[in-house]
Amino acid sequence: MALQPKNVGILAMEVYFPRTCIQQEVLEAHDGASKGKYTIGLGQDCMAFCTDVEDVISMSLTAVSSLLEKYGVDPKQNGRLEVGGETVLDKSKSIKTFLMPIFEKCGNTDIEGVDSTNACYGGTAALFNCVNWVESSSWDGRYGLVVCTDSAVYAEGPARPTGGAAAIAMLIGPNAPISFESKLRASHMAHAYDFYKPDLASEYPVVDGKLSQTCYLMALDSCYKSLCDKYEKLEGKQFSVSDVDYFVFHSPYNKLVQKSFARLLFNDFLRSASSINESAKEKLAPFASLTSDESYQSRDLEKASQQVAKPFYDSKVQPSTLVPNQVGNMYTASIYAAFASLIHNKHSTLAGQRVMLFSYGSGLSSSMFSVRLNEVQLPFNLSNIASVMNISEKLKSRQEFPPEKFVETMKVMEHRYGGKDFVTSKDCSVLAPGTYYLTEVDSKYRRFYSKKASENGTLANGH
Ligand code: ACO
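Residues numbered from 1 in each chain as written. Predicted model: local features only at pLDDT ≥ 70, side-chain atom pairs only at ≥ 80, totals over all residues. Heavy atoms only, no water.

Pairing within the open sheet is mixed, and its 3 strands lie in the order β3-β2-β14. Strand pairing shows two members of the sheet lacking a second neighbour, β3 (46-48) and β14 (399-400), which therefore form its edges. In this structure, strand β2 (residues 20-23) lies alongside β14, joined through 2 bridges in parallel fashion. Following the sheet pairing, threonine 20 is matched in β14 by glutamine 399. (Pairing = 2+ DSSP bridges. Helix = DSSP H or I, 4+ residues; strand = E, 2+ residues; numbered from the N terminus.)

Close contacts around the ligand come from 27 residues, with Lys37, Lys210, Ser212, Lys259 and Arg299 the closest. Separating a nitrogen atom of the ligand from a side-chain N or O atom of threonine 162 is a distance of 3.2 Å. Between the ligand and lysine 255 there is a distance of 2.9 Å, counted from an oxygen atom to a side-chain nitrogen or oxygen. For the ligand, whose accessible area on its own is 1,000 Å², the fraction buried by protein is 79%. (Near = heavy atom within 4 Å. Polar contact = N/O pair within 3.5 Å; in protein donor to acceptor, adjacent residues only side chain to side chain. Areas by Shrake-Rupley, 256 points an atom, 1.4 Å probe, with all protein chains shown as cover.)

Put simply, helix α6 (residues 209-235) and helix α7 (residues 254-270) touch, their axes get as near as 10 Å, and they point 40° apart. In this view, α6 runs oblique relative to α7, as classed from their interaxial angle. As for how α6 packs across α7, the hand of that crossing is right-handed. Only Leu256, Lys259, Ser260, Arg263, Leu264, Asn267 and Asp268 of α7 make contact with α6, whose side of the interface consists of Gln213, Tyr216, Leu217, Leu220, Asp221, Tyr224 and Lys225. Split into classes, the residues belonging to the contact of α6 with α7 amount to 6 nonpolar, 3 polar and 5 charged. (Axes fitted to C-alpha atoms, helices over the stretch in contact; angles between N-to-C directions. Parallel < 35°, antiparallel > 145°, perpendicular 65-115°, else oblique. Left-handed = near helix turned anticlockwise from the far one by under 90°. Contact = heavy atoms within 4.5 Å. Nonpolar A, V, L, I, M, F, W, Y, C, P; charged D, E, K, R; others polar.)

All right, on to the environment of tyrosine 449 then. Summarising the element assignment, tyrosine 449 is placed in strand β17 (residues 447-451). Through-space distance from the C-alpha of tyrosine 449 to that of valine 53 is 8.9 Å; in sequence the pair is 396 residues apart. At 2.7 Å, the side chain of tyrosine 449 and the side chain of aspartate 55 are in polar contact. Here arginine 447 takes part through its side chain, which lies 3.0 Å from a polar atom of the side chain of tyrosine 449.

Its place among the elements puts serine 151 in strand β6 (residues 143-152). Classification of serine 151 as buried rests on a relative accessible area of 8%. Sequence spacing of serine 151 and glycine 43 is 108 residues, and the spatial spacing of their C-alpha atoms is 20 Å. Filtering out sequence-adjacent residues up to four positions away, serine 151 remains in contact with Cys50, Val56, Thr87, Gly164, Ala165, Glu203 and Tyr331. (Buried < 20%, exposed > 50% of the residue type's maximum accessible area, 1.4 Å probe, protein only.)

At a minimum axis distance of 9 Å, the contact between helix α12 (residues 334-346) and helix α13 (residues 382-389) shows a crossing angle of 110°. Here α13 runs roughly perpendicular to α12, going by the angle between their axes. Considering how the two elements wind past one another, α12 and α13 form a crossing that is left-handed. Contacts between α12 and α13 involve Ala340, Ile343 and His344 from the former and Leu382, Ile385, Ala386 and Met389 from the latter. Looking at the contact of α12 with α13 residue by residue, the class counts come to 6 nonpolar, 1 polar and no charged.

By the bridge criterion, 2 bridges tie strand β1 (residues 9-16) to strand β8 (residues 178-189) in an arrangement that is antiparallel. Bridging from a neighbouring strand, isoleucine 10 pairs with isoleucine 178 of β8. Sheet analysis places β8 next to strand β13 (residues 365-373), joined by 8 bridges and oriented antiparallel. Residue pairing for β13: phenylalanine 180 is matched across the bridge by valine 371.

Before going further, it helps to examine unusual backbone geometry. Cis geometry marks the peptide bond from glycine 363 to leucine 364; its omega dihedral reads 10°. As for its position among the elements, leucine 364 is in the loop between β12 (354-361) and β13. The amide bond that connects leucine 378 to the next residue, proline 379, takes the cis arrangement and shows omega of 5°. With respect to the secondary-structure elements, proline 379 resides in the loop between β13 and α13. Of note in this structure, tyrosine 331 is not a glycine but carries a positive phi near 50°. By the secondary structure assignment, tyrosine 331 is in the loop between α11 (322-327) and α12. What makes tyrosine 331 buried here is its relative accessible area of 0%. Positive phi is not limited to glycine here, since asparagine 390 has a value of about 50°. Mapped onto the fold, asparagine 390 is located in the loop between α13 and α14 (391-396).

In structure tokens, the structure reads:
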């Protein structure tokens, strides 16, 4: 009998986001919002978006092919491919099938998995599926591959600055530098109408912004409580934020991440956990008797807990905020972009550390889960992951659009969504070498993509 695989988790990552972006300060002025609303109020500096040549399929093609190439993984070695996303381009045909040509070319069509959808949570469902597969008796010894991809766009109005776009690919297998602590996992699933997409003719969601914030925090509380209970049963001791080196949150905008982390400390206070010192106890004592409903509405509690959380936030959360702050909400990719930021910032000191992730998708589904970071051999070590992702360079090579051009692009995309029989501008001048792009949607709604020549001049065939 084969040995049980150990340390199953993420072996490798690649991050892709469009180069086209808009500064939040510029958008704020253009929208007539008060100065600082998007930058300080939401905590966002910049937002990426797709133009007419990019979509979730092209971004996924780029992320997957780049991952395989840069880590030297033979497409034949992949036995499972799962995509998480909520950006619907086809109600039947999965995004996964659009990625299959990469593997078909090598004669590999024996690849399980399809797409998972529930708002920003689908990527986590896909990741759990792949990890569970490698840990299961049906695992055939090959890699799993997960792709989280979304283009997050909102109608004009207060939600528009909380958009973004990206695709993140993750290779799954045993002996991973990022291994799952599978017993440390808790979920909260419920029915809510906080953000949903009932209008199939539109890419834009129907969103109740305030309700979505409360649902997010309620889900966070519930997951954290269950996780603490599970830990305490397993380990026979209390769990608190002190047992975690870094927290990574699904990040619709940074202000909500700040509030979420503060909420964990309030939970610790209510549980009399050791992370709360005397001075913090004093600050939070006035809120001890609030009902949970009252606690979500209390601005004073929000302020007091954020004050208590500040020093911990700087060390345990701040290192994961770079890409979400610069690219925006990438829906399913947001939490993994936050995780990628942590690796980017701290790769040389992460070995042995525990990271707790919180994934939230409106509607709603959510999970909190723990990973351990380990020192492993090339090409899958943390420093190599940081260098492959090359986040600083990707952020530096972007092209800022003025607001008028951004709004015009959104209009073109609105018009094209669900459409057929058009060719795109095919303008790939802004795209990085090796990036896939959409060229045409024909009269039968079939989509066609090409790949911009790689740096070494190699031209790939479109499909
Ligand atoms: N300077 C500094 N701060 C400011 C300023 C200013 N000039 N103006 C406003 N602010 C602050 C506000 O006080 C508020 O901060 P607070 O939350 O600490 O009170 C913040 O900026 C946002 O202002 P609001 O008036 O609350 O914003 P608005 O209602 O216009 O929209 C919202 C914010 C609800 C997040 C909206 O962008 C939205 O609906 N986004 C999509 C939904 C979403 O992302 N939900 C999160 C979870 S679900 C998901 O991931 C999709």
